[in-house]
Amino acid sequence: MAEPDRPRSPFAGMADLSDRTPVRVLSPDEIERMLADHRLYLGTEYHEGHRANFASADLTGRDFSGLTLRGIKMDRAVLRDADFSGANLQSANLIGAILQAACLDRVDLSGARLSGANLVSASLENACLAKADMRIWSSH
């Protein structure tokens, strides 16, 4: 039963992600192949390989420390407890990603899209957030 006089949370208008795309489960081999293709994609200035697409993937606890992940797609990915320390995530798409308790220390997130991302308890020590999009979603 709803309590009509109860104060609303400032987050009450945020997007409801409960009915979003189901989480994709990837094998460690698939993840490594996608990361290798992404390295090739960046190394050949987008002529070979493929931009990694980890949208809606469960990458809980994964170690991405020190990797160049420029432009990677990780929208709606589950990245709880993931380690990105020292990684390059320039222009990465992390819209709606779950980054609870993730380590983003010394990460370059310049130009990254983080709107709607859950950064509760995430560590962002010495992270670069220049021109990052961190707007909070609303239902309006």
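Structure first, text after, so check above.
Structure report, in brief. (Residues numbered from 1 in each chain as written. Predicted model: local features only at pLDDT ≥ 70, side-chain atom pairs only at ≥ 80, totals over all residues. Heavy atoms only, no water.)

1. Quick look at unusual backbone geometry
Inclusion rule: Under the scheme used here, helices are H or I runs from DSSP no shorter than 4 residues and strands are E runs no shorter than 2 residues, and both carry numbers assigned from the N terminus.
Of note, the phi angle at Tyr 46 is positive, near 75 degrees, even though the residue is not glycine. As for its placement among the helices and strands, Tyr 46 is situated in the segment after helix 1 (28–43).

2. Comments concerning helix 1
For an α-helix, 3.6 residues make a turn, and residues three or four places apart therefore share a direction. Formally: Here, expected helix span is obtained from the residue count minus one, scaled by 1.5 Å. Partly exposed residues are those whose accessible area sits between 20% and 50% of the maximum for their type, while under 20% is buried and over 50% is exposed, using a 1.4 Å probe and protein chains only. Comment: arc refers to directions from the helix axis out to C-beta atoms.
Over its 16 residues, helix 1 runs 22 Å from end to end, which matches the ideal 22 Å to within 8%, given 1.5 Å per residue. Within helix 1 the residues assigned to the buried category are Ile 31, Met 34, Leu 35, His 38, Tyr 41 and Leu 42. One side of helix 1 carries all its buried residues, which in axial view fall inside an arc of 115 degrees. Those residues of helix 1 that are exposed and aimed more than 90 degrees away from the buried face are Asp 29 and Gly 43. The first or second residue beyond helix 1 is Glu 45, which carries a positive phi of 55 degrees.

3. Details of the packing of aromatic side chains
Each aromatic ring pair is specified by the distance between its two centres and by the angle formed by the two planes. Our working definition: Only Phe, Tyr and Trp rings are paired, with Trp represented by its six-membered ring, and only when their centres lie within 6.5 Å; those with planes under 30 degrees apart are stacked, over 60 edge-to-face, the remainder tilted. Geometrically, a lysine NZ or arginine CZ counts as sitting over a ring once it is within 6 Å of the ring centre and also within 35 degrees of the ring normal.
Going through the model one piece at a time under the given rule, you end up with 2 aromatic pairs. Geometrically, the ring pair formed by Phe 64 and Phe 84 is stacked, given 4.9 Å between the ring centres and 10 degrees between the ring planes. Separated by 20 residues along the polypeptide, Phe 64 in the segment after helix 1 and Phe 84 in the segment after helix 1 bring together distant segments of the chain. Accessibility classification places Phe 64 together with Phe 84 in one group, the buried group. Sitting over the ring of Phe 64, Arg 62 keeps its end group 5.9 Å from the ring centre.

4. Some points on the environment of Ser 110
Stated precisely, the cut-off is as follows: Residues count as neighbours in contact if any of their non-hydrogen atoms are within 4.5 Å of one another.
Position of Ser 110 among the secondary structure elements: in the segment after helix 1. For Ser 110, a relative accessible area of 18% translates into the label buried. Each C-alpha atom of the pair Ser 110 and Ala 127 lies 9.0 Å from the other, and the pair is 17 residues apart in sequence. Look past the residues within four positions of Ser 110 in its chain and what remains in contact with it is Gln 90, Ser 91, Cys 128 and Ala 130.

5. Focus: the environment of Pro 28
Counting through the fold element by element, Pro 28 comes out in helix 1. By relative accessible area, which is 55% here, Pro 28 ends up exposed. With 31 residues separating them in the primary sequence, Pro 28 and Leu 59 have C-alpha atoms 9.8 Å apart.

6. Looking at the nonpolar core
For clarity, the threshold we go by: As used in this record, nonpolar core signifies buried Ala, Val, Leu, Ile, Met, Phe, Trp, Tyr and Cys residues forming a set joined through side-chain atoms within 4.5 Å.
Phe 54, Ile 72, Met 74, Leu 79, Phe 84 and Leu 89 are the most contacted members of the largest nonpolar core, which totals 31 residues. Setting aside chain neighbours within four positions, we find Phe 54 in contact with Arg 24, Leu 26, Ile 31, Met 34, Leu 35, Leu 59, Ile 72, Lys 73, Met 74 and Ala 77.

7. As for the pattern of salt bridges
Pairs can form between side chains of opposite charge once their charged atoms are near each other. Note the following rule: Any carboxyl oxygen of Asp or Glu that lies within 4 Å of a side-chain nitrogen of Lys or Arg is treated as forming a salt bridge with it.
Here the structure, examined in full by the defined rule, presents 4 salt bridges. Between Arg 33 and Asp 37 there is a salt bridge, with its nearest N and O atoms 3.8 Å apart. In this pair, Arg 33 and Asp 37 are both assigned in helix 1, 4 residues apart and thus about one turn of the helix distant. Look at Arg 33 and you get partly exposed, because its relative accessible area is 47%. Relative accessible area serves as the criterion here: at 22%, Asp 37 is assigned to the partly exposed category. For the salt bridge of Arg 135 with Asp 133, the shortest nitrogen-to-oxygen distance reads 2.6 Å. Taking relative accessible area as the criterion, Arg 135 reaches 59% and is therefore assigned exposed.

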